[in-house]
Number of protein chains: 2
Amino acid sequence: MVLSKSWLLAKHFEGFPKHSDFKLKEEMLPAIKDGEVLVEAVYFSVDPYMRSYSRRIMKEGDVMTGNHVARVVESKNHKFQVGEFVISPAGWTTHSISNGTGLHLLLPNWPENIPKSLAVGALGLPGLTAYFGLLEICRPKAGETVLVNTAAGAVGSAVGQIAKIKGCKVVGCTGSDDKVSYLKEIGFDEVFNYKTVPSLEEALKKASPSGYDCYFDNVGGEFSGIALLQMKKYGRIAVCGAISVYNGPSPQRGPCVQFPLFMNELCMEGFIVLRWQNRFEEGLKQLMAWILEGKLKYPEHITKGFENMPAAFMGMLKGENTGKAIVTP
Amino acid sequence: MVLSKSWLLAKHFEGFPKHSDFKLKEEMLPAIKDGEVLVEAVYFSVDPYMRSYSRRIMKEGDVMTGNHVARVVESKNHKFQVGEFVISPAGWTTHSISNGTGLHLLLPNWPENIPKSLAVGALGLPGLTAYFGLLEICRPKAGETVLVNTAAGAVGSAVGQIAKIKGCKVVGCTGSDDKVSYLKEIGFDEVFNYKTVPSLEEALKKASPSGYDCYFDNVGGEFSGIALLQMKKYGRIAVCGAISVYNGPSPQRGPCVQFPLFMNELCMEGFIVLRWQNRFEEGLKQLMAWILEGKLKYPEHITKGFENMPAAFMGMLKGENTGKAIVTP
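Residues numbered from 1 in each chain as written. Chains lettered and ligands numbered in written order. Predicted model: local features only at pLDDT ≥ 70, side-chain atom pairs only at ≥ 80, totals over all residues.

Engineer: Hey, could you run me through the overall build of chain A in this one?
Structural biologist: Helix and strand counts for chain A stand at 10 helices and 16 strands. Computed over the C-alpha atoms, the radius of gyration of chain A is 20 Å, within 12% of the 20 Å expected from 2.2 N^0.38 for a compact globule of 329 residues. Considered along the principal axes of its C-alpha atoms, chain A spans approximately 65 × 45 × 35 Å. In chain A, buried positions account for 49% of the 329 residues. Taking the contacts inside chain A whose residues are at least 6 apart along the sequence as the reference set, 65% of them involve residues at least 24 apart. (Helix = DSSP H or I, 4+ residues; strand = E, 2+ residues; numbered from the N terminus. Rg over C-alpha atoms; globule rule 2.2 N^0.38 Å. Buried ≥ 20, exposed ≤ 12 C-beta atoms within 10 Å, placed from the backbone. Contact = placed C-beta atoms within 7 Å.)

Right, here's the structure in full:
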C-alpha cells in the first residue's frame, strides 16, 4: 500500500488561475495486479497548455493533466522493469498504477550526463514543439530572420537555438533583463525585454530593420498585431500558443490580422505537436544529438516540493521561469 | 487629337469613399509616335482592391488605378493592330496612349459568344483570384465543405462554382435575398443572407453542422471571428480581402484569431493573385473551358456612363452588384 498525493482541478479557471482552483487529494493505492506497474513521479512538468486547453481536456474534480518522468517501483508487466524510467501521462500525482497504456520508456541509452528531467523538456513535448513547429510551419531558410517571443521559456529557448543551428538570425523577446542576458549567452542575436522597451514596434524594427521572415508566436493578441506588421512578404507565422489571451475574458479581441496577412501574403498556421507523433523518434534523436554536441542548451527552472505545484504552474504563466519549469516531489 | 476623360483620386479615402474624393479631368491627347498605340476603353472594372490598396498604389492626383478592356484605335506598334482588343492597366481613363508596356492582347481565338468584358471578370484577375486562391490556398478535396462570403461578387461567385466543379459542398453568404436566389440557381448548396439571419453563428451551423474545411474570406473582421470557430481540424482559410475593415479606422480590432488557429490547427494565408502570374495562361485556359462547357456562369452588373464610375465603385463596395461590376463608357 502506497500513499499517493494528487492535485485536482477543483474549479475551472476563470481568468488567471488561483490557489483555490486546486485541491490536494491523498489516497492509498491498492496492490498492483497482473499486467500493472506502480510508478513514482520524479520530475513534474508545468506547461502553458494546462491553462489553454484546461476546459477541453479536464473537468472539475479531475487530476490536473500533464506528463511527468517517473520511476518504476513495482511491476507485474513484462514491458517495464523496476528501476526503469518512463514518461507517464498520469498528471499531477506522486504515485500511480498503470496497465502500461500511455507509459513510454525514455529513449534507450539515455546518457549519464543528461538529466532525465529533459524527457519532459528539451527532449520531450516542449523540445518537439519547438523542433516541428519551427521547421515544419515556419520553414526557416539559412540567412532568414526569425522572431520568437516568450523566448526564455521551454519552447522559445529551443526555437531560437534551433533557428541558429539552421543558419538564421534570431530575435527574441522576453520579460526580464536576466533573461535577456541569458538568451544572448546561448546565442540569440538580438533580445529585448518587452516590459521595459518604450515601444514594441521600435524594438522590433531596431532588432531587424528589414523585417522578419518567420515568427514563432506563443503570445498572440497585441504583440502579434504589432509583429505581423513587421513581417516580410511571404512570411510564415507558427501559432503555438496565445498566452496573452488565456486568462482574459473570452472571446478576446485584438488587432485584426487579415490586413497584414493579405498585404504581405503571410501564412499563419496554428499547430499542436501531436500532429507529428509518428515522427517523434526522428525529432528526439536530432534534439539529443544537438544537446550532446553542445549546440542546444536546456535551461531549467526547478521548484522543489509537490505541495508547490500550483505555485510553480502560476509562476510559469507569469514568466518567472528561465527555461523549462520543472517540479520535483 | 482625341479628348480623353479620366477620373483622378483627388483625395485619399478616409472611411467610406465619397464623391468629393474623385475628380474628373479632360485632356486632349497628342498624336501618337512610332512604337505607340492609342486605345479606347470599352469595359471598365471596379474592384475592392482599388479601396484596400489605394494608399499603397496611388497618390493624390493620380488617375484611379485599374484594368480595362480597350480597343486599339490607332497603332504605330507592330504588336497591336487597329481593331484588336487589349487589357490596359491605364485605370479610369477613356482613351490612352501606350508604348505597349503592360498592354496584353485578349486570349487568342476569343469565342464570338463570350463577352469581352470577361477579360476583366471571370476571365481576368477576379477569375484568376478565385481559381488560384481556392485551389492553391484552400486546396479543397472532393467531399469537403467550402465557405465563401461576398459570394455573389465577381470573385466569390467564381470560387463557389469552382469548388462545386471540384466536388465540394459549397456554402455562400451574401447580402440580399435576390443574390441568395441567384447563387442557388448557379449551384451553391446552401446560401444565406447575412443581413437577415438572426445569428451568423446559427446560420453557419445550420448550413454545415459538421463545420467547414475551407473558407475563402473576402470580409475579415467580425465575420471571420465567428467563422473561424466553425472550422474543422486542419481547415484552410484563404484571406483574399477584408472588405469589412477597409473603410473603418485603422488599425482595426476584432476577434482574436490565434485561439481557433491553434485549437484546430488551422492555416490562414493571405494572397495576391499576381503571385501566380507565370501560371495565368493555365488558369485562363481552364476558366475559359469551364465557361464554354457551361459549368462556370459569369454574372455581370453593368453600369452605363463613364461619369458614373465613382458611383459604380461605391455601389460595388456596398454590395449593390450581383457578379462582376463593370462600367461601359
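Engineer: What should I look at first to understand the relation of the copies chain B and chain A in this one?
Structural biologist: Related by rotation about an axis and a shift along that axis, the two copies of the chain form a pair. When chain B is fitted to chain A, the residual RMSD is 0.0 Å, and the transformation amounts to a turn of 180 degrees plus an axial shift of 0.0 Å. A rotation of that kind, with that shift, is consistent with a two-fold axis. In this assembly, 100% of the residues forming the interface of chain B have copies in chain A that are likewise at the interface, indicating an isologous arrangement. (Least-squares fit on C-alpha atoms with pLDDT ≥ 70 in both.)

Engineer: Even after reading the chapter, I still don't get helix α7 (residues 221-228) of chain A, so can you show me in this structure?
Structural biologist: The periodicity of an α-helix, 3.6 residues per turn, causes residues three or four positions apart to be oriented the same way. Those residues of α7(A) that sit buried are A:Gly221, A:Phe223, A:Ser224, A:Ala227 and A:Leu228. Down the axis of α7(A), the smallest arc covering the buried residues is 140 degrees, so these residues share one side. (Arc of directions from axis to C-beta.)

Engineer: I'm lost on the packing of helix α3 (residues 125-138) of chain B against helix α4 (residues 154-165) of chain B in this one. Help?
Structural biologist: Working note: a packed helix pair is described by the angle between its axes plus the distance between those axes. Residues and elements named next belong to chain B. Remark: α3 packs on α4, axes separated minimally by 8 Å, with the N-to-C direction vectors making an angle of 45 degrees. The orientation of α3 with respect to α4, classified from their angle, is oblique. Handedness of the crossing formed by α3 with α4: right-handed. Residues Pro-126, Gly-127, Thr-129, Ala-130, Tyr-131 and Leu-134 of α3 form the contact with α4, whose participating residues are Ala-154, Val-155, Ala-158, Val-159, Ile-162 and Ala-163. Of the residues that constitute the contact of α3 with α4, the class distribution is 10 nonpolar, two polar and no charged. (Axes fitted to C-alpha atoms, helices over the stretch in contact; angles between N-to-C directions. Parallel < 35°, antiparallel > 145°, perpendicular 65-115°, else oblique. Left-handed = near helix turned anticlockwise from the far one by under 90°. Nonpolar A, V, L, I, M, F, W, Y, C, P; charged D, E, K, R; others polar.)

Engineer: How should I be thinking about the sheet that holds strand β12 (residues 231-239) of chain A in this particular structure?
Structural biologist: In any sheet, the strands associate via hydrogen bonds between backbone groups, in a parallel or an antiparallel arrangement. Strand order in this open sheet of 12 strands is β10(A)-β9(A)-β8(A)-β11(A)-β12(A)-β14(A)-β14(B)-β12(B)-β11(B)-β8(B)-β9(B)-β10(B), and the pairing throughout is mixed. The sheet is open, and its two edges are formed by β10 (190-193) of chain A together with β10 (190-193) of chain B, each paired on a single side. Each strand of the sheet is rotated relative to its neighbour by a mean of 15 degrees, with strand direction disregarded. Against the sheet, helix α5 (residues 177-185) of chain B engages β9 (169-174) and β10 of chain B, with an angle of about 170 degrees to β10(B). (Pairing = 2+ DSSP bridges.)

Engineer: Hey, could you run me through the interface of chain B and chain A in this one?
Structural biologist: Listed as interface residues are 29 residues of chain B and, on the opposing side, 29 residues of chain A. Mapped by element, the contributors of at least two residues to the side of chain B that touches chain A are α7 (221-228), β13 (253-255), α8 (258-263) and β14 (267-270) of chain B. Classifying every residue of the side of chain B that touches chain A gives 16 nonpolar, nine polar and four charged. Pairing of strand β14 (residues 267-270) of chain A with β14(B), which is carried by three bridges, proceeds in the antiparallel orientation. Bridging across to β14(B), A:Cys267 finds its partner in B:Glu269.

Engineer: Would you mind showing me how to read the packing of α3(B) against helix α9 (residues 280-292) of chain B here?
Structural biologist: All names here are of chain B. Direction vectors running N to C along α3 and α9 enclose 100 degrees, while the axes themselves pass 10 Å from each other. Judged by the inter-axis angle, α3 sits roughly perpendicular to α9. Across the interface between the two elements, Gly-127, Leu-128, Tyr-131 and Phe-132 from α3 touch Phe-280, Gly-283, Gln-286 and Leu-287 from α9. A class-by-class count of the residues in the contact of α3 with α9 yields five nonpolar, three polar and no charged.

Engineer: Help me understand the environment of A:Met50 in this model?
Structural biologist: Residues and elements named next belong to chain A. Along the chain, Met-50 turns up in helix α1 (residues 49-52). Once the C-alpha coordinates of Met-50 and Gly-102 are considered, the two residues, 52 residues apart in sequence, prove to be 18 Å apart. When near neighbours in sequence (up to four residues on either side) are disregarded, Met-50 contacts Met-64, Thr-65, Gly-66 and Phe-313.

Engineer: It is not clear to me how the environment of B:Lys5 should be interpreted in this structure. Could you clarify?
Structural biologist: With respect to the helices, strands and loops of the structure, B:Lys5 is situated in strand β1 (residues 2-9). Each C-alpha atom of the pair B:Lys5 and B:Ile326 lies 17 Å from the other, and the pair is 321 residues apart in sequence.

Engineer: I'm lost on the pairing of β10(A) in this one. Help?
Structural biologist: Looking down a regular strand, the side chains alternate between one sheet face and the other. Residues and elements named next belong to chain A. Looking at chain direction, strand β9 (residues 169-174) and β10 are connected through four bridges and run parallel. Residue pairing across strands places Thr-174 opposite Asn-193, the latter belonging to β10. In this fold, the crossover linking β9 to β10 by way of helix α5 (residues 177-185) has right-handed handedness. (Right-handed = clockwise from strand over helix to strand, strands pointing away.)

Engineer: What exactly am I supposed to notice about the pairing of strand β11 (residues 212-217) of chain B here?
Structural biologist: Residue and element names in this part refer to chain B. For β11, the buried fraction is high: six of the six residues fall into the buried class. Two strands pair when backbone bridges link them, and strand β8 (residues 145-148) and β11 are joined in this way by three bridges, in the parallel orientation. Counted as the bridge partner of Val-146 is Cys-214 from β11. Sheet topology note: the β11/strand β12 (residues 231-239) ladder contains five bridges and is parallel. Following the sheet pairing, Phe-216 is matched in β12 by Ala-238. What joins β11 to β12 is α7, and the crossover it makes is right-handed.

Engineer: I tried to follow unusual backbone geometry on my own but got confused; where do I start?
Structural biologist: With glycine set apart, most residues show a phi of negative sign, and most peptide bonds adopt trans. Residue and element names in this part refer to chain A. Here the phi dihedral of Thr-150 falls at roughly 45 degrees; this positive angle occurs in a residue that is not glycine. Relative to the assigned elements, Thr-150 resides in the loop between β8 (145-148) and α4 (154-165). Positive phi, close to 65 degrees, is recorded for Tyr-234, a residue that is not glycine. Overall, the presence of 14 C-beta atoms within 10 Å leaves Tyr-234 in the partly exposed class.

Engineer: Could you clarify how one ought to interpret the confidence of the model for chain A in this entry?
Structural biologist: For any part of a model where pLDDT is low, the fine detail of the predicted coordinates should not be relied upon. Mean pLDDT over chain A: 95, with 98% of residues reaching 70 or higher. With a pTM of 0.92, the predicted complex shows an ipTM of 0.91. (pLDDT = per-residue confidence, 0-100.)

Engineer: What is the right way to read α3(B) from this model?
Structural biologist: By the criterion of burial, α3(B) is predominantly enclosed, with 12 of the 14 residues buried. Along α3(B), the residues classified as buried are B:Leu125, B:Pro126, B:Gly127, B:Leu128, B:Thr129, B:Ala130, B:Tyr131, B:Phe132, B:Gly133, B:Leu134, B:Ile137 and B:Cys138.

Engineer: Explanation requested: the environment of A:Glu265 in the structure shown.
Structural biologist: For A:Glu265, the location among the structural elements is in the loop between α8 (258-263) and β14. On a C-alpha basis, the gap between A:Glu265 and A:Tyr49 in space is 29 Å, while along the polypeptide they are 216 residues apart. Leave out the neighbours within four places in its chain, and A:Glu265 touches A:Lys233, A:Tyr234, B:Gly270, B:Phe271, B:Ile272 and B:Arg275.

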